Structures are given as C-alpha cells and as structure tokens.
Amino acid sequence: VSISEDIPINAIGDDSRIRQVVLCILTNAIRYTDEGYISLRITGEMLKDGRFEYIYNIQDTGRNVFKKNVNLSKALEEDELGMDFDSGYGISILVAKKIANALDGDVSMYSIQGKGNVYNIVLPSQILDESNIRDLNFADKYNVTFLGGEEEMFEDLRLSCYELGVYMEYIP
C-alpha cells in the first residue's frame, strides 16, 4: 500500500460508497490472486473546480478478469465483455463502476493475459475547510472521516461540524 503524502485528508463524500467501490476491486484481487502480488497506490490531483480527484490504482498478478486482452470501457461500449462470469468474477467490477459513475467518478481496468489486472478508480471529492464548512448543507448526507494528518486541525473542524450536527471520526 502506497499513499501519496500530498493528498488532502479533509475531503467529504459518501464514505460508505467510496469504501464499497474500493473494496469490490480489492476483494476480487485478493480472492483470485494465488501467487504474486496485489498493490494499492492512492494518489490524486486538484481539479479546476476546487474538488480533489482521488486516484486508486490497484494491480494484481492474479487470474485475468477477461478471457482475452480487453479494455473495460471499450468492452462495455461494445457489449462484448468476454468476462469470466462462470465464477462470479467480474460482476463486482461492473457494480463498482456503476457506483463510481453515480459518484461522478469512474472505474477503468484492463487485463494483460497471463500477467494480471490493472484497475484505476477515480473519485472526486469536495475539500472541507473552515472557509466553506458553514456554506455546505451536508449534515444529513455525510459522515466525515479523517485519515491521519494533524489531530489539531481535525479537532477544529470537528467542533465546527458538531455545531452543524455532523459526526466526524479521526483515524490516526
């Protein structure tokens, strides 16, 4: 697991759906990789509209999702998946893609015959800070989770969110 040091820890989004998308892909990678490796790299970039785009890159040396070399987006467009649905492998990738699309993100992947699979999950999130916290109407929609970072910054935002009825959790 590799997490870029410059990704913000104060983003808001549907944490249960984001977790569901990432876990769908990771679970398949773990289940179908008997030997070799599975890697997760989390990076991202600021978008022009002020959101941050998280990029989750997952690679495995496990069983190929596709029976031949295929690009997921192209296969979906052509409706010729060639996926190994006999074992159920591949179905959760389509579910993850639909959820990511609903979050204004995407899941793309490709299989390299005999070498494994490469997945990219792209999910944009709004950045939460003291300048916009009172303008957001998210108290009924979100739980906010901080991963690492400075606990002092978390405490200030937690108190502001508490006033709005939003629960925040800090995970060091």
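Definitions and limits used
Residues numbered from 1 in each chain as written. Predicted model: local features only at pLDDT ≥ 70, side-chain atom pairs only at ≥ 80, totals over all residues. Heavy atoms only, no water. Helix = DSSP H or I, 4+ residues; strand = E, 2+ residues; numbered from the N terminus. Buried < 20%, exposed > 50% of the residue type's maximum accessible area, 1.4 Å probe, protein only. Contact = heavy atoms within 4.5 Å. Areas by Shrake-Rupley, 256 points an atom, 1.4 Å probe, with all protein chains shown as cover. pLDDT = per-residue confidence, 0-100. Phe/Tyr/Trp six-rings, centres within 6.5 Å; stacked < 30°, edge-to-face > 60°. Core = buried A, V, L, I, M, F, W, Y, C linked by side-chain atoms within 4.5 Å. Pairing = 2+ DSSP bridges.

S.K.: Any chance you could explain the overall build of the chain here in plain terms?
M.R.: When helices and strands are tallied, the chain shows four helices and eight strands. Secondary structure elements in the chain, listed N-terminal to C-terminal, are β-β-α-β-β-α-α-β-β-β-α-β. Burial status across the chain gives 42% buried among its 172 residues. Within the chain, residue pairs in contact and separated by at least 24 positions form 64% of the contacts whose partners lie at least 6 positions apart. Carbon and sulfur atoms form 48% of the exposed surface of the chain, whose accessible area is close to 10,000 Å².

S.K.: Teacher, can you tell me more about the confidence of the model for the chain here?
M.R.: In low-pLDDT regions, the fine details of the predicted coordinates are not to be read closely. Looking at the chain as a whole, the pLDDT averages 76, with 60% of positions reaching at least 70. Mean pLDDT across the elements of the chain bottoms out in strand S7 (residues 144-147) (55) and peaks in strand S4 (residues 52-60) (94).

S.K.: Would you mind showing me how to read the environment of lysine 97 here?
M.R.: Summarising the element assignment, lysine 97 is placed in helix H3 (residues 91-102). Under the relative-accessibility criterion, lysine 97 is labelled buried at 9%.

S.K.: Explain the environment of tyrosine 37 to me, please; I cannot follow it from the model alone.
M.R.: Turning to its location among the elements, tyrosine 37 is positioned in the loop between helix H1 (15-31) and strand S3 (38-46). For tyrosine 37, a relative accessible area of 43% translates into the label partly exposed. Sequence separation between tyrosine 37 and glutamine 59 is 22 residues, and the spatial gap between their C-alpha atoms is 7.9 Å. Filtering out sequence-adjacent residues up to four positions away, tyrosine 37 remains in contact with Gln59, Asp60 and Thr61.

S.K.: Got a minute to help me understand the packing of aromatic side chains in this structure?
M.R.: For any two aromatic rings, the description comes down to two numbers: the centre-to-centre distance and the angle of the planes. Applying the stated rule across the entire model yields two aromatic pairs. Aromatic side chains phenylalanine 52 and tyrosine 54 sit 4.8 Å apart centroid to centroid with 70° between the ring planes, which places their arrangement in the edge-to-face category. Take tyrosine 54: its relative accessible area is 10%, and that puts it in the buried class. The interplanar angle of 25° and the centroid separation of 6.4 Å between the aromatic rings of tyrosine 54 and tyrosine 56 together place this pair among those described as stacked. Judged on exposure class, the residue tyrosine 54 and its partner tyrosine 56 are both buried.

S.K.: Please clarify how unusual backbone geometry should be interpreted in this entry.
M.R.: Keep in mind that most residues, glycine aside, have a negative phi and that most peptide bonds are trans. Even without being glycine, aspartate 104 reaches a positive phi, approximately 70°. Relative to the elements of secondary structure, aspartate 104 occurs in the loop between H3 and strand S5 (106-112).

S.K.: Would you mind going over the environment of proline 8 with me for this structure?
M.R.: Within the secondary structure, proline 8 sits in the loop between strand S1 (2-3) and strand S2 (11-12). We classify proline 8 as buried; its relative accessible area is 18%. Remark: the alpha-carbon pair of proline 8 and threonine 43, spanning 35 residues in sequence, is separated by 10.0 Å.

S.K.: I keep staring at the nonpolar core and nothing clicks. Help me out?
M.R.: The tendency in soluble globular proteins is for nonpolar side chains to be buried as a group. If you look at the biggest cluster of nonpolar residues, it comprises 25 residues, and the most contacted ones within it are Val21, Ile25, Tyr54, Tyr56, Ile58, Val107 and Ile121. Among the secondary structure elements, those contributing two or more residues to this core are H1, S3, S4, H3, S5 and strand S6 (116-127). A per-element tally of this core places H1 first, with seven residues. In this structure, tyrosine 56 is in contact with Ile18, Val22, Leu40, Arg41, Ile42, Tyr119, Asn120, Ile121 and Leu123, ignoring residues within four places of it in sequence.

S.K.: Hey, could you run me through the pairing of S3 in this one?
M.R.: Note on strand geometry: in a regular strand, side chains alternate between the two faces of the sheet. Sheet analysis places S1 next to S3, joined by two bridges and oriented parallel. Each bridged residue has a counterpart across the sheet, and for isoleucine 3 the counterpart in S3 is isoleucine 42. Where S3 and S4 come together, nine bridges link them in antiparallel fashion. Following the sheet pairing, arginine 41 is matched in S4 by asparagine 57.

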